[in-house]
Amino acid sequence: MNNASSFNTVSVIGLGYIGLPTAAMFASRRTRVIGVDCNAKVVEMINRGQIHIVEPELDIVVHGVVSEGYLRATTKPEPADAFLIAVPTPFKEGFAPDLAFVECAARSIAPVLKRGDLVILESTSPVGTTEQVSAWLAECRPDLRFPKWGTDGPADVCVAYCPERVLPGQVVHELVSNDRVIGGLTAQCAKRAVELYRIFVQGDLHVSDARTAEMCKLSENSFRDVNIAFANELSTICHQLGIDVWRLIELANRHPRVKILQPGAGVGGHCIAVDPWFIVSSAPEQAHLICTARQVNDAKPQWVVERVMEAVAAAEAARRATESDLTVAVLGLSFKPNIDDLRESPALHIAESLSQQLRGRMVAVEPNISELSGQLAGVELLELQDALECADVIVALVAHREFDGLKAFVKPGQFLVDAVGLCR
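> Teacher, can you tell me more about a nonpolar patch on the surface here?
There is a patch of nonpolar side chains on the surface, built from Ile237, Leu241, Ile243 and Leu248 and spanning about 340 Å² of accessible area. Summarising the element assignment, Ile243 is placed in the loop between α8 (210–241) and α9 (245–252).

Have a look at this one:
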């Protein structure tokens, strides 16, 4: 039991890239945690003290808290004092937000709620989602009073919003050290949420209302998306003009007030590639720049595919061979370096597109996963040296640490498409 808090038991709904580390952090502070996930295999792994994702240090923490009895996983919600919802929020056709997972999570915990409980939505969501969660709970539990945004009326159950602000690969550290924005549907809801997060968060806890907190998370990721779009668009312009974009950015960043980001194969992950659309869907007539940035970044993978096909054609001409005789090696499939997360990965989309278009052999290198599935099920997954040895065309899509120094291994006569500047 955590003696510094009135929360004896915390339940985390969704044990993915955010939910599991969050559950582990609460448990590491000797708070009893019930993790809930619909995937029975994930539940079984966690209860063995193992993890199903790649995240530095997390395996050690999870093994410890499970062994000590502070973390237990199950497939169905159980009574607790606080419930954190950390489930996916994808978008549907037309980039409309899909809140089906959030609604399912809210309705699943409703039967076990009691007076004095706290419900927190952590999933990145459109403005107004926290209010909708409270409404779903109220619909399921008419015997309890739930808060409404903009009022300070009494409520039996508090509801708040607190989005994560972590970098994959540094989640364990950043969950503890980063500041958090907490938006309550009422002032009392925010106060209760602050008490909960103070169990393990060492960063500052900034109190706001739920709508502002929701918009803050979306704004943070949209800001990054716009800046990445500038770099990605610059890379396509420089290619057209015969300019080395990497050298150009290096020189431009010598200006004391300029900091251009590095271009890449696109933008991936569940946050930056998705969240801006939530703002666009809420205010389509006003979100011109945010929408354009999304379109620029979404178009970059196809631009890379076109560069690869040009390299394949050049390799055909140079070797006086047909495309079926050539081998293309794709380096990296995750959405960013040194993780196993393939969600919305531009590298994965590029590889899938190439697997459909290429008539020759395609191999892939992804150090963080052990097998390929879906459209890439027939593609060979090789070690880096084996892939480089057999490749006629090398396609660098993710700057994994294992690919450092790639330039030294590219042999004369091999064609290179470097979307992330590994060989600059």
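> So what exactly am I meant to see when it comes to the packing of α8 against helix α11 (residues 288–319) here?
Running from N to C, α8 and α11 cross one another at 40°; their axes reach a closest spacing of 8 Å. As far as their axial angle goes, α11 and α8 are oblique. As α8 runs across α11, the sense of the crossing is left-handed. Seen from α8, the contacting residues are Ser222, Asp225, Val226, Ile228, Ala229, Asn232, Glu233, Ser235, Thr236 and His239; seen from α11, they are Leu289, Ile290, Ala293, Arg294, Val296, Asn297, Lys300, Trp303, Arg307 and Glu310. Class assignment of the residues belonging to the contact of α8 with α11 gives a composition of 8 nonpolar, 6 polar and 6 charged.

> What am I meant to see in the packing of aromatic side chains here?
In this description, a pair of aromatic rings is defined by centroid distance and the angle of the planes. Inspection of every chain in the model, using the stated rule, returns 4 aromatic pairs. Residues Phe26 and Tyr197 carry aromatic rings whose centres are separated by 6.3 Å and whose planes lie at 45° to one another, so their mutual orientation is tilted. A residue pair is termed long-range when its members are at least 10 positions apart, and Phe26 in helix α1 (residues 19–28) and Tyr197 in helix α7 (residues 187–197) qualify at 171 residues. Note on Phe26: relative accessible area 0%, which makes it buried. Classification of Tyr197 by relative accessible area gives buried; the value is 0%. Each ring, one from Phe95 and one from Trp277, has its centre 3.8 Å from the other, and the planes form 10°; the classification is stacked. Remark: Trp277 occurs in helix α10 (residues 275–282) and Phe95 occurs in the loop between β4 (82–85) and α4 (100–109); sequence separation between them is 182 residues. Three or more aromatic residues joined by ring pairs form one cluster here, namely Phe26, Tyr197 and Phe200. Directly above the aromatic system of Trp149 lies the positively charged group of Arg211, at a separation of 3.6 Å from the ring centroid. The cationic tip of Arg307 hangs over the ring face of Trp303; the distance from NZ or CZ to the ring centre is 4.9 Å.

> Just to check I follow, could you spell out the sheet that holds strand β10 (residues 361–365) for this structure?
Through backbone hydrogen bonds, the strands of a sheet pair up, either in parallel or in antiparallel fashion. Read across the sheet, 5 strands follow the order β11-β10-β9-β12-β13 without closing on themselves; strand pairing throughout is parallel. The open sheet terminates on both sides in strands that have one partner only, identified here as β11 (380–381) and β13 (415–418). In this fold α11 packs onto β9 (327–331), β12 (393–396) and β13, with an angle of close to 170° to the strand it touches most, β13.

> I would appreciate a short explanation of the state of the cysteines in the present structure.
In protein chemistry, a disulfide is the covalent bond that joins the sulfur atoms of two cysteines. Taken as a whole, this structure holds 0 disulfides when the rule is applied. In this model Cys38 remains outside any disulfide bridge; the closest cysteine sulfur is found in Cys104, 7.7 Å from its own. On the accessibility criterion, Cys38 (78% relative accessible area) is exposed.

> Quick question: what am I supposed to make of the nonpolar core here?
Where a protein is soluble and globular, its nonpolar side chains tend to be buried together. Counting 74 residues, the largest nonpolar core has Leu71, Val119, Ile120, Leu137, Leu196 and Tyr197 as its most contacted members. Here the element with the most residues in this core is α1; it accounts for 6 residues. Those residues within four positions of Ile120 in sequence are excluded, and the remaining contacts are Phe83, Leu84, Ile85, Ala160, Tyr161, Cys162, Ala193, Leu196 and Tyr197. With 29 residues, the next largest nonpolar core counts Ala315, Leu326, Ala364 and Leu376 among its residues.

> In this structure, what is going on with the sheet that holds strand β1 (residues 9–13)? I would like to understand it.
The strand order across the open sheet built from 8 strands is β3-β2-β1-β4-β5-β6-β7-β8, with neighbouring strands paired in mixed fashion. Either end of the sheet is taken by a strand with one partner, and the two such strands are β3 (71–74) and β8 (205–209). Taken over all neighbouring pairs, the strand axes of this sheet differ in orientation by 25° on average, direction set aside. Bridging between β4 and strand β5 (residues 118–121) involves 4 bridges; their strand directions are parallel. For Ile85, the partnering residue across the bridge sits in β5 and is Leu121. Against the sheet, α8 contacts β6 (158–161), β7 (180–184) and β8, and its axis sits at roughly 115° relative to β8.

> When you look at the pairing of β1 in this model, what are you seeing that I'm missing?
Regular strands show a simple pattern: their side chains alternate between the two faces of the sheet. Counting buried positions along β1 gives 5 out of 5 residues, so the element sits mostly inside the fold. Taking every second residue as pointing to the same face, both faces of β1 are buried, with Thr9, Ser11 and Ile13 on one and Val10 and Val12 on the other. With 5 bridges connecting them, β1 and strand β2 (residues 32–36) associate as parallel partners. Pairing of Val10 across the sheet is with Val33, part of β2. With α1 bridging β1 and the parallel β2, this β-α-β connection has right-handed handedness. Here 4 bridges tie β1 to β4, and the two strands are oriented parallel to one another.

> Whenever I open this one, α4 confuses me. Can you help?
Within α4 the residues assigned to the buried category are Val102, Ala105, Ala106 and Ile109. Each buried residue of α4 sits inside an arc of 100° when the element is viewed along its axis, so together they form one side. Each element contacted by the buried residues of α4 is listed here: β1, β4, β5 and α5 (129–140).

> Looking at this model, I keep getting lost on α1. Mind explaining?
Helical geometry note: an α-helix holds 3.6 residues per turn, so side chains three or four residues apart project in the same direction. The element α1 is extensively covered by neighbouring structure, given that 9 of its 10 residues are classed as buried. Those residues of α1 not exposed but buried are Gly19, Leu20, Pro21, Thr22, Ala23, Ala24, Met25, Phe26 and Ala27. Within two residues after α1, Arg30 carries a phi angle of roughly 65°, on the positive side.

> Please explain the packing of α1 against helix α3 (residues 58–67) as it appears in this structure.
Axes are the key here: two packed helices are described by the angle between their axes and the distance separating the axes. Across the interface, α1 lies against α3 with an axial gap of 9 Å and an inter-helix angle of 50°. Comparing their axes, α3 and α1 come out oblique. The two elements α1 and α3 cross, and the hand of that crossing is left-handed. Contacts between α1 and α3 involve Leu20, Pro21, Ala24, Met25, Ala27 and Ser28 on the former and, on the latter, Leu58, Val61, Val62 and Val65. Looking at the contact of α1 with α3 residue by residue, the classes come out as 9 nonpolar, 1 polar and no charged.

Quick notes on the rules
Residues numbered from 1 in each chain as written. Predicted model: local features only at pLDDT ≥ 70, side-chain atom pairs only at ≥ 80, totals over all residues. Heavy atoms only, no water. Patch = residues over 30% accessible without salt bridge, like charges linked within 9 Å, V, L, I, M, F, W, Y side chains within 5 Å. Areas by Shrake-Rupley, 256 points an atom, 1.4 Å probe, with all protein chains shown as cover. Salt bridge = Lys/Arg side-chain N within 4 Å of Asp/Glu carboxyl O. Helix = DSSP H or I, 4+ residues; strand = E, 2+ residues; numbered from the N terminus. Axes fitted to C-alpha atoms, helices over the stretch in contact; angles between N-to-C directions. Parallel < 35°, antiparallel > 145°, perpendicular 65-115°, else oblique. Left-handed = near helix turned anticlockwise from the far one by under 90°. Contact = heavy atoms within 4.5 Å. Nonpolar A, V, L, I, M, F, W, Y, C, P; charged D, E, K, R; others polar. Phe/Tyr/Trp six-rings, centres within 6.5 Å; stacked < 30°, edge-to-face > 60°. Buried < 20%, exposed > 50% of the residue type's maximum accessible area, 1.4 Å probe, protein only. Lys NZ or Arg CZ within 6 Å of the ring centre and 35° of its normal. Pairing = 2+ DSSP bridges. Disulfide = S-S within 2.5 Å. Core = buried A, V, L, I, M, F, W, Y, C linked by side-chain atoms within 4.5 Å. Right-handed = clockwise from strand over helix to strand, strands pointing away. Arc of directions from axis to C-beta.

Bear in mind that shape data such as this cannot, by itself, settle questions of function.
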